[in-house]
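Listed below are the residues making up each chain.
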Amino acid sequence: MMSFKAGRWLALAACMAAVSVPAMAAEETGEPTHAQAPLPTVPLTITTADGTKHVFTVEKAMTPREQQVGEMFRPSVPADAGMIFVWSYPRQSDMWMENTKASLDIVFIGADNRISSIVENAVPLSLARISSHGPVRATLELQAGITEKLGIVVGDKVDSDVLANKPAGK
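Numbering of residues starts from 1 in every chain and runs along the sequence as written. Restriction of local features to residues with pLDDT of at least 70 applies here, the model being predicted, together with a cutoff of 80 or more for giving and counting side-chain atom pairs; totals for whole chains, interfaces and linings are based on all residues. Side-chain figures throughout are based on the complete set of non-hydrogen atoms in the structure, without hydrogens or water.

By the naming in an unreviewed UniProt entry, the protein is DUF192 domain-containing protein, taken from Komagataeibacter xylinus.

Draft legend 1. Seen up close, the environment of Arg114. Note on conventions: DSSP H or I runs of at least 4 residues are helices, E runs of at least 2 residues are strands, and numbering of each starts at the N terminus. Relative to the helices and strands, Arg114 resides in the loop between strand E4 (104–109) and strand E5 (115–122). Type-normalised accessible area, obtained with a 1.4 Å probe on protein chains alone, sets the label of each residue: buried when under 20%, exposed when over 50%, and partly exposed for intermediate values. Residue classification places Arg114 among the partly exposed positions, given a relative accessible area of 37%. Once the C-alpha coordinates of Arg114 and Thr47 are considered, the two residues, 67 residues apart in sequence, prove to be 9.4 Å apart. Discounting residues that sit within four places of it in the chain, Arg114 has contacts with Phe108, Ile109, Gly155, Asp156 and Lys157. Note on contacts: a residue pair is in contact if any heavy atoms of the two residues lie within 4.5 Å.

Draft legend 2. Up close: the pairing of strand E3 (residues 81–95). For strand E2 (residues 53–61) and E3, the ladder comprises five bridges, and the chain directions are parallel. The residue bridging Val58 from the neighbouring strand is Gly82, located in E3. Two elements, E3 and strand E6 (residues 130–143), share nine bridges in a ladder whose sense is antiparallel. Paired with Ile84 across the strands is Leu140, a residue of E6. In this analysis, strands are considered paired if DSSP registers two or more bridges between them.

Draft legend 3. Layout of the packing of aromatic side chains. Aromatic rings from Phe, Tyr and Trp, taking only the six-membered ring of Trp, are treated as a pair when their centres fall within 6.5 Å; an angle between ring planes under 30 degrees marks them as stacked, one over 60 as edge-to-face, and anything in between as tilted. A full pass over the atoms with the stated rule returns one aromatic pair. Here the aromatic rings of Phe85 and Trp87 are separated by 6.1 Å at their centres, their planes lie at 25°, and the arrangement is stacked. Look at Phe85 and you get buried, because its relative accessible area is 1%. Look at NZ for Lys and CZ for Arg. If either is within 6 Å of the ring centre and within 35 degrees of the ring normal, a charge sits over the ring. Lying across the ring of Trp87, Arg91 places its NZ or CZ 3.9 Å from the centre.

Written out as structure tokens, the structure reads:
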């Protein structure tokens, strides 16, 4: 037989568990409130028209939640890093800077793995839509000003394993 004190403790623990589970679910599906943990990374190379190669280590935002949170709440992005959003098929990509503290260059990558457009120095915390203006295969976020500094322009080639054409399930 359980003592009154132990029974009260178990009841309190059960109530706390019942309250904690929905709070955790809201954390995963509600509006983001903090930066996400670093995501798995992959090397990415941008080759300019003159053959210069610029290598970055980019985080892969692959799930809907990872893509929703993106670079939100992070104070900066290193010059040799970034985040890539790979879409399951070429589509219009619309981004925004809500809760994003660091200015970014947003690079849209076409189905041919070439840069189709670049939006430089996106304004932190802005709700303005940043559009690819047509279907793209992926969207890459880099440190603000890096594309101009490195001479990266529309038409440059993007290579990474995350963009490799692989059959489903392989």
